[in-house]
Amino acid sequence: MKVGAGLAGLLVMAGLVALLQWAIGAGIVDEYTVPRPTEIAAALPRLVAEEQVVSRFLVTAGETFAAAGLSTLVGTALGAALYRWPLLRRSFEPGFAVLAAAPLILAYPLFLVLFGRSSATVVVIAFASALPPVVLQAVAGFAAVRPVLLAAGRSLGLGRAAEFRHVLLPAALPSVFTGLRLALMFGLINVVGVEFLINLGGLGALINELSERYDLPGTWAAIGLVVLVSACFFVVLDGGERWLRRRG
Amino acid sequence: MAAAAGLSVAHGRRPGPAGPVGTAGPRLLAAVVLLGGWQALASSGLLFRDVVPPLQALAAGLWAVARDGGFWADARVTGGELLGAVLVGGVAGGATGLLLGSSPLLSAAFERWITWFGPTPKIILFPVLILLCGVGPGSKVAMGAVSCFFPMVLSTAAAVRGVDPVLLRVARSFRARRHQTLMKVYLPATVAPLLNGVRLGFGLALIGVLLAETKLSNQGVGFAVMQAYARFDMPRMYGLLILVVGFAAAVNIVLGHGARRAAGATGQEH
Amino acid sequence: MDDVSRVAPPDAGEPYDGGRHAAAATPMLSVEGVTKRFGAGPGTGAVVAVDDVSFDVLPGEFVSVIGPSGCGKSTLFSIIAGLQTATAGRVRVEGRPVRGPHPAVGTVFQEESCFPWRSVIDNVAFPLELAGTARSERHDRARHFIDMVGLRGFERRMPAELSGGMRQRVCIARTLAAGPRLLLMDEPFAALDEQTRLLLGDKVLQIQQALRQTTLLITHSITEAVQLSDRVLVMTYRPGRLKRFVEVGLPRPRTADAVTSPAFGAAVTALWADLREEATRGMREAGG
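Counting from 1, residues in each chain are numbered in the order their sequence is written. Think of it this way: whatever chain is written first is A, whatever ligand is written first is 1, and the rest follow in order. Predicted model: local features are reported for residues with pLDDT of at least 70 only, side-chain atom pairs are reported and counted for 80 or more only, and whole-chain, interface and lining totals are derived from all residues.

**A word on the overall build of chain A**
Piece 1. Helix and strand content of chain A: 10 helices and zero strands.
Piece 2. For chain A, the N- to C-terminal ordering of α and β elements is α-α-α-α-α-α-α-α-α-α.
Piece 3. Only C-alpha atoms enter the radius of gyration, while the globule expectation follows 2.2 Å times N to the 0.38, with N the number of residues. Taking 18 Å as the expected radius of gyration for a compact globule of 248 residues, we find that chain A reaches 23 Å, considerably beyond that expectation.
Piece 4. Along the three orthogonal principal directions, the C-alpha set of chain A runs to about 80 × 55 × 30 Å.
Piece 5. With C-beta atoms placed from the backbone, a contact is any residue pair whose C-beta atoms sit within 7 Å. In chain A, once contacts between residues fewer than 6 apart in sequence are set aside, the share between residues at least 24 apart is 72%. Counting from the N terminus, the helices are the DSSP runs of H or I reaching at least four residues and the strands are the DSSP runs of E reaching at least two.

Written out as C-alpha cells, the structure reads:
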C-alpha cells in the first residue's frame, strides 16, 4: 500500500515535469524563464565535464566535515562542562538555546571582513551555526544517562575522570552521534549557503557563477544537483543514525 | 529541517532548572570577560581597527542606526516582505500540511519529497526566483515564503497526525459534521504545535528575506548591511546586525511563550 | 430476599437460542448474523474477529458482553456503534438499520476521551453544541447530567485537574447529555483501580435505574457484569461467537450489598467456568 502510494507520488512528479516540458514548448511558459526539462538534463553532463563538479563537491564536502567535526568536538566538550557544573548549565544553557535559533548566517558580511574571502569564512560561519545545537544535544545526552549507571560506577570506586571515560561517554555516545548528525546538517546548509552568497569555492558558488553567466539550463541543473546531493546526504545521515541506534 | 532539528533540541527538551539561583554571578562574569576581551582586542591594534571596533564605537553605531530615518524606512520594507513571506508560506504550508496530515495516502505519496527537499538551503533558488518574480520585493517575498513553507508543512502534518484518535472517534460518534470536527477538535488540538511551526517558519523566512536582500536589492535591511560593508562602516554594520538578531530573538521568545501557553490552555502540557 | 432459583446453576446456562424467547417486545438493539473478517487476501488466512453473532437487547435492559482479551468484543462494539462496517450481517437500532453512528445510540469509549481544552461543563455540553442548542439551555442540561454523575461543583474545572475516574464520569455525562436511547460502553472502567471501578459501577447502576436506560456494556470483569446486568452474554475466544447467555436473576433496584449475596456468587461461578475455558484456549493459541 505504502509502496504503491510512493510510486504513485513519483509518477505524479514525473507527470508534472512532463507537463512543464509541454507547456514550455507550447509557449505557455516562457522558455527564457524556465528552460525545458530536457535542456536542463542535457546541461548536467556538460557541467560535470566543464565545471569541475567533482572537485567542487570535494571542496564543499571538506568544508562541511571540517565545520561539523570542529563543532562536534568543541560542542561536546562544552556540553560536558555544562553538565559537570550545574551552575554553569543553569546560567548558560538558555543562552545557547537562544543562539541556536539566532540567524548567524546573516552576519556573513561581518565574517567576510574578519576572515577575508576564503574557505575560513565558510567554515567559521558553519562552525558557529552548528555549535549551539550540538552543545544542547550533548548536555541533554549526558543528562539522560540513567542515574543507576553512575551509581554503579561510583560504588566501584570510579573517580570523576574515570567515571566520564567509562560510564558517561559510552552511555551518552548515541546522543553524541546525534549531535554529529546535527552538526553535519547545519554544516552543509550553511556551507552551501555561504558559498552561494560570497561566490566562493564549492557547489554553492557554482550556482552563483552559472546564474551570473545567464546560463539558464546550467543554473537549474546546478540547483538540481545540489538538491540531489543534499537529499542523498541527509538520507545517508538518517539511515546511519538509525543503524547506530539499532546496534545499541 | 536542520533548523527544525536544532530548535526542537532547543525547545523540545526543556533545559535544566534555569532558576535565578546563583546564575547572575556566572553570567555577569561571562559578560565581563567577553566584553573586556573585545575591548582589549579593539584597543590592541592587532586587527585593523574597525574590524573589531571598541565598545563605545559599537554603541555609537547602534545609536546612529536607531536614530536614522533611512534605517526605519528600510525596516518597513523588510518588514513588509517578511509579513508577505510568512503569510504566503505559512498559509500554503499549513494547508498542504493539513492535507498531508489527514490523508495517509497523500502523505505516503508526497511527504517524502518535502522531507528530502527540506534541509537544502533555499537561498540557492534565488536566481530562479528573480527570473520568476523580478528584481523587486516580489523575489524577496518569494524567497521568504519558500523558506517558510517547508517547516510549516512538516509541523502542520505532524500536528494533525498527533491529534488523539479517540477524540476524533468521539466527534464521529456524535455525528459531528466535517467543519465541526475541524473547528472543534482539530483546531484546539493543534494550536500549540502550529504556533511552534509558525515560530520556526518565521525564523527561516526572516533569514530568507534578509539573505535575498543582501544578494540583490536596493532597499531593505539586508541591503543596508551590504551598503555598510561596502563603505566599510563597521560600527553601522554591527549596529544593524545587533538590531536584526535582537528582533529575531524577541519574536522567537514571544511565539515560544505563546506556544507554551497554548499547550497549557489546551491541556496538552507534558 | 434474592430469588436464588432464577440464577442458573453452575454447570448449565442456557445455550444461546437466538433470543427467540424475548421476541414479544420490539428490541431496542438487534444484532443479526454479524461477522467481521480482517485481511482477507488470496492465500493469506483472513482473521475472523466476529463470527455470526446474533442477539437482541430489549428496551430498558442492561446487557453485558464478556469474553477473554482479543475475542473481538471491541470490534463488535465498533460495529454496533456504527464506527465500522460488518463483513456480513446487520445491526438494527429501534428497527432501523445502522449505517454509521446512529442518533439514538450513545458511546462511551475505553480510552480517556475528554477534550483536554474544554472545561467539564463544555465537555458535557459538546453534543448539544453540535446540535446547535443555545448556550444557556445546553449548560442547564449539562449541569443536570453533571449532577447525575456526582460531579456537582466541578463544572468549571479542566480535565487535567480531575482524577481518571472523574474524567470517565465526565465522558459518561457527555454521552448521556445527548439523550441516547441505547447506551454503549466499551470497558469504560478498564483504566481505573478496583475501588473506583466498584463505585463507578454503582453510579452507572443508579443512573441506569433512574433513566431506565437500555445499556450494552462490554467488559472483561465478571463481577462488574453480574453487578450491573440483567443478562450476560459470553463470547468465545477468536473467532468471537456468542457462547451462551446467563440470566442474572438479582432483583432491581440493586444495591452495593448485592455483591455479597449468594445469588451473586452463583452467577459469577457460572460465568467464570465459561470464561476460564475461553481464556485458557486464548492463552494456548496465543502462546503456541
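**Describing the interface of chain B and chain C**
Piece 1. Listed as interface residues are 15 residues of chain B and, on the opposing side, 18 residues of chain C.
Piece 2. Of all the secondary-structure elements, those providing two or more residues to the side of chain B that touches chain C are helix H8 (165–173) and helix H9 (178–215) of chain B.
Piece 3. Residues were grouped as follows: Ala, Val, Leu, Ile, Met, Phe, Trp, Tyr, Cys and Pro as nonpolar; Asp, Glu, Lys and Arg as charged; and all remaining residues, including Gly, as polar. In terms of residue class, the side of chain B that touches chain C is built from seven nonpolar, five polar and three charged.

**Thoughts on the pairing of strand S9 (residues 231–235) of chain C**
Residue and element names in this part refer to chain C.
Piece 1. The burial label depends on the number of other C-beta atoms within 10 Å of a residue's C-beta. Counts of 20 or more mean buried, 12 or fewer mean exposed, and intermediate counts mean partly exposed, with C-beta atoms placed from the backbone. In terms of burial, S9 is largely enclosed, as four of its five residues are buried.
Piece 2. Following DSSP output, two strands are said to pair if at least two bridges run between them. By the bridge criterion, four bridges tie strand S3 (residues 62–66) to S9 in an arrangement that is parallel. Along S9, the bridge assignment pairs Val 63 with Arg 231.
Piece 3. Inspection of the sheet shows S9 paired to strand S10 (residues 242–247) by five bridges, in the antiparallel sense. Residue pairing in the sheet places Val 234 in a bridge with Arg 244 of S10.
Piece 4. What sits between the antiparallel neighbours S9 and S10 is a turn of six residues.

**With respect to the packing of helix H5 (residues 104–117) of chain B against helix H7 (residues 137–161) of chain B**
Residue and element names in this part refer to chain B.
Piece 1. Between H5 and H7, the least distance of the axes is 10 Å, while the angle of their chain directions is 135°. Classed by the angle they form, the pair H5 and H7 counts as oblique. At the point where H5 passes H7, the crossing takes the left-handed sense. Touching Ser 107, Glu 111, Ile 114, Thr 115 and Phe 117 of H5 are Phe 150, Val 153, Leu 154 and Ala 157, all from H7.
Piece 2. Here the contact of H5 with H7 is built from residues that sort into six nonpolar, two polar and one charged. All axes here are fitted lines through C-alpha atoms, helices being fitted over the stretch that makes contact, and every angle between N-to-C directions spans 0 to 180 degrees. Convention used here: angles under 35 degrees read as roughly parallel, angles over 145 as roughly antiparallel, angles from 65 to 115 as roughly perpendicular, and any remaining angle as oblique. Working rule for handedness: look at the near helix, and if it is turned counterclockwise from the far one by less than a right angle, call the crossing left-handed; if clockwise, right-handed.

**Details of the interface of chain A and chain B**
Piece 1. Residue-level contacts link 53 residues of chain A with 54 residues of chain B.
Piece 2. Ranked by residue count, the leading element in the side of chain A that touches chain B is helix H4 (residues 86–101) of chain A, at 12 residues.
Piece 3. A class-by-class count of the residues in the side of chain A that touches chain B yields 39 nonpolar, 10 polar and four charged.

**Looking at the domain arrangement of chain A**
Residue and element names in this part refer to chain A.
Piece 1. Residue ranges for the domains trace back to a domain assignment, done automatically or taken from a database. Looking at chain A, the domain boundaries give domain 1 (1–31) and domain 2 (35–246).
Piece 2. On a C-alpha basis, the centroid separation for the pair domain 1 and domain 2 is 33 Å.
Piece 3. Contacts between the two partners involve five residues from domain 1 and, on the opposite side, four residues from domain 2.
Piece 4. For the side of domain 1 that touches domain 2, the residue count by class is three nonpolar, one polar and one charged.

**Description of the sheet that holds strand S7 (residues 182–186) of chain C**
Residue and element names in this part refer to chain C.
Piece 1. Strand order in the open sheet made by the six strands is S6-S7-S8-S3-S9-S10, with mixed pairing throughout. The open sheet has two edge strands with one neighbour each: strand S6 (105–108) and S10. The sheet shows a mean angle of 15° between the axes of neighbouring strands, taken without regard to direction.

**Let's talk about the pairing of strand S8 (residues 214–219) of chain C**
Residues and elements named next belong to chain C.
Piece 1. Across the six residues that make up S8, a large majority, six, are buried.
Piece 2. Of the two faces of S8, the one carrying Thr 214, Leu 216 and Ile 218 and the one carrying Thr 215, Leu 217 and Thr 219 are both buried.
Piece 3. Sheet topology note: the S3/S8 ladder contains five bridges and is parallel. Bridge pairing in S8 places Val 65 opposite Ile 218.
Piece 4. Bridge analysis of S7 against S8 gives five bridges, and the strand direction is parallel. Opposite Met 185, over in S8, you have Leu 217 as the bridge partner.
Piece 5. Tracing the backbone out of S7, into helix H6 (residues 194–211) and back to the parallel element S8 gives a crossover that is right-handed. Handedness of a crossover: with both strands directed away from the viewer, a clockwise path from the first strand across the helix to the second marks it as right-handed.

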